[in-house]
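What follows is the residue order along each chain.
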Amino acid sequence: MSGAFLDWALETFSGYVAADELYEGPYCVLSAVDNRQYKRILYEVLDHDPHHDDITAFLGRLKTALHARTLTLKGITTDGSALYPEPIRTVFGKVPHQLCTFHVIKELTQGVLKAVAKERERLATSKPALKRGRPSSKDKGARRLARKSKSIQQQVNALFQERFLFVTRRLTPSERQRLMAISRGLPHLRKLREIMEHIYALFDRRCHTQTAMGKLKKLRQWVTRFTWIGDALKKVFAPTLEKALTFLDDKLLPATSNAVERGNRRHRKKQKSVYRVRSKVCLEGRIALDMLRESRAEGREQTTRALHQARRGDT
């Protein structure tokens, strides 16, 4: 990357960087983006799966670019991959390392949904066995079993269709009423929803990291008491959850790596809309062109504004 482009990308450097990798066929694209200004700073296309040496060399380039301009890295955000912690410590030392809360919460919500799915399976197998055909009007026992089977099936269907209520961050009064209705007779599922609400409370910006760590300790003790959960919420005990709370002590440190994810989504969308051969040279050229367009966006806006003013006859 040319020095002129780096000067543009780092002229308003916020001090916070998001780093991530994008897998494109047999290639891997490493990216570093200003996590507040949303400017891509560096990228590298690899023809193999990245390892610690690749990440260390890539972060070394970033450190060199910042040092040449007397800039300081205040924090770095990555996903939950094991590729980054060791190279970050090697290159930047004790710089705050924030794990993307989106990836952490995603794993926890998947665990909750799996627990709800297991409960649906248990309910489905608990339906009484019925004889073929409609039960006789004189056979009260068979009719009672048929009503019970129908009721259980309706509850199974409701748990599937409304499963998002167990992981939604905020529930409206009507949604909470619906949740209470579909979980009637299943108090453990209601506890599961309470656990999810406590998980969301950990990431409240009004708290400090130390306060959130105290909440996390109580949450882990609470989850341990419910043996029926099994491995559904094992991510609650993962050290990545503790690393995801780093942003609470720095109000300017973004909680997620959304800055770099936006560039990755734009890249994937372009790949789907236009067919091109996936080669290392092609990927590097496409990303470089995207960065060039981004660097000239402000100038294009000024030119467009001037043309519109001239067309209207404004001075």
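Quick look at the structure, then. (Residues numbered from 1 in each chain as written. Predicted model: local features only at pLDDT ≥ 70, side-chain atom pairs only at ≥ 80, totals over all residues. Heavy atoms only, no water.)

Side note on the pairing of strand β2 (residues 27–34)
Here is step 1 of the chain: In terms of burial, β2 is largely enclosed, as 8 of its 8 residues are buried.
Here is step 2 of the chain: Residues Y27, V29, S31 and V33 line one face of β2 and the alternating positions C28, L30, A32 and D34 line the opposite face, and both faces are buried.
Here is step 3 of the chain: With antiparallel pairing between neighbouring strands as the criterion, strand β1 (residues 16–24) and β2 make up a hairpin whose turn holds 2 residues, including G25 at a positive phi of roughly 65°.
Here is step 4 of the chain: Of the pairings in the sheet, the one linking β2 to strand β3 (residues 40–46) comprises 6 bridges and is antiparallel in character. Within β3, the residue paired with S31 across the bridge is Y43.
Here is step 5 of the chain: Where β2 hands over to β3, the hairpin turn is made up of 5 residues, of which Y38 adopts a positive phi near 60°. (Buried < 20%, exposed > 50% of the residue type's maximum accessible area, 1.4 Å probe, protein only. Helix = DSSP H or I, 4+ residues; strand = E, 2+ residues; numbered from the N terminus. Pairing = 2+ DSSP bridges.)

Brief notes about unusual backbone geometry
Here is step 1 of the chain: With a phi angle near 60°, Y38 is a residue other than glycine that sits in the positive phi range.
Here is step 2 of the chain: Position of Y38 relative to the elements: it lies in the loop between β2 and β3.
Here is step 3 of the chain: Backbone geometry places T70, a non-glycine residue, at a positive phi of 50°.
Here is step 4 of the chain: Residue classification places T70 among the exposed residues on the basis of a relative accessible area of 71%.

A short note on the packing of aromatic side chains
Here is step 1 of the chain: Applying the stated rule across the entire model yields 1 aromatic pair.
Here is step 2 of the chain: Taken together, a centroid distance of 5.8 Å and an interplanar angle of 65° make the contact between W222 and F226 edge-to-face.
Here is step 3 of the chain: Over the ring of F160 we find R163; its NZ or CZ atom is 4.3 Å from the centre of that ring. (Phe/Tyr/Trp six-rings, centres within 6.5 Å; stacked < 30°, edge-to-face > 60°. Lys NZ or Arg CZ within 6 Å of the ring centre and 35° of its normal.)

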